[in-house]
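Descriptive analysis of the structure
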Amino acid sequence: MAYTFDDGIVRICEKVNIAASGNKPVYDFKTRVSLYFGYEKTGIVRNYAAKQAGDTLDEVIHVYQERSISAGRDIACIDGRQYTILQAQHGTDDDGIPITILSLERNEEPHGTAETST
């Protein structure tokens, strides 16, 4: 399947310590990269696997391949909504274009400052 990347822009934000040197850590999220994305079907198998792991799969998107995305460290921001990245799968589409597929779970309580929620 050939993918399109015309559904919007996703910001990948990383957790950073914003406390002054020597103070107790205070964490926030800072945009590391912005990418065009396309939505994918969630799919029964993916949804069932997420439920077995105790997660809720809210969105699945694809972006041009970005190997720096970390499922444990980063969050995704789309249209003012924050998502935990449950899984990042790297591969290629049918035309040989390198892509990354992200499985996302919506954060009900936003993390960090307004930078990630705008």
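Overview of the structure. As the structure is a prediction and not an experimental result, all values here were calculated from the model.

A look at the nonpolar core
- By size, the foremost hydrophobic cluster in this structure holds 14 residues, and its most contacted members are Val10, Ile12 and Leu104.
- Mapped onto this core, the elements with two or more residues apiece are strand S1 (8-17), strand S2 (27-39), strand S3 (59-64), strand S4 (74-78), strand S5 (81-92) and strand S6 (98-106).
- Counting residues per element, this core draws most heavily on S2, which supplies three residues.
- One finds Phe5, Leu57, Val60 and Ile99 within the second-largest nonpolar core, a separate group that totals six residues.

Some words on the environment of Val33
- Locating Val33 in the fold gives a position in strand S2.
- The class for Val33 is buried, based on a relative accessible area of 18%.
- Along the primary structure Val33 and Glu66 are separated by 33 residues, whereas in three dimensions their C-alpha atoms are 9.3 Å apart.

Some points on the pattern of salt bridges
- Summed over the entire model, instances satisfying the criterion amount to three salt bridges.
- Close ionic contact of Glu14 with Arg32 constitutes a salt bridge, the shortest N to O distance being 3.9 Å. Placement of Glu14 in strand S1 and of Arg32 in strand S2 is noted, with a sequence separation of 18 residues between them.
- Of the residues examined, Glu14 reaches a relative accessible area of 19% and is grouped as buried.
- For Arg32, a relative accessible area of 27% puts it in the partly exposed group.

Overview of the pairing of S6
- The element S6 is largely enclosed, with a buried count of seven among its nine residues.
- Summarising the sheet, S3 and S6 pair through six bridges and their orientation is antiparallel. In the strand pairing of S6, His62 is matched with Ile101.
- Here nine bridges tie S5 to S6, and the two strands are oriented antiparallel to one another. Within the sheet, the bridge partner assigned to Ile85 lies in S6 and is Leu104.
- Hairpin connection of S5 to S6: five residues between the antiparallel strands, including Gly96 at a positive phi of 85°.

Conventions we followed
Residues numbered from 1 in each chain as written. Predicted model: local features only at pLDDT ≥ 70, side-chain atom pairs only at ≥ 80, totals over all residues. Heavy atoms only, no water. Core = buried A, V, L, I, M, F, W, Y, C linked by side-chain atoms within 4.5 Å. Buried < 20%, exposed > 50% of the residue type's maximum accessible area, 1.4 Å probe, protein only. Helix = DSSP H or I, 4+ residues; strand = E, 2+ residues; numbered from the N terminus. Salt bridge = Lys/Arg side-chain N within 4 Å of Asp/Glu carboxyl O. Pairing = 2+ DSSP bridges.

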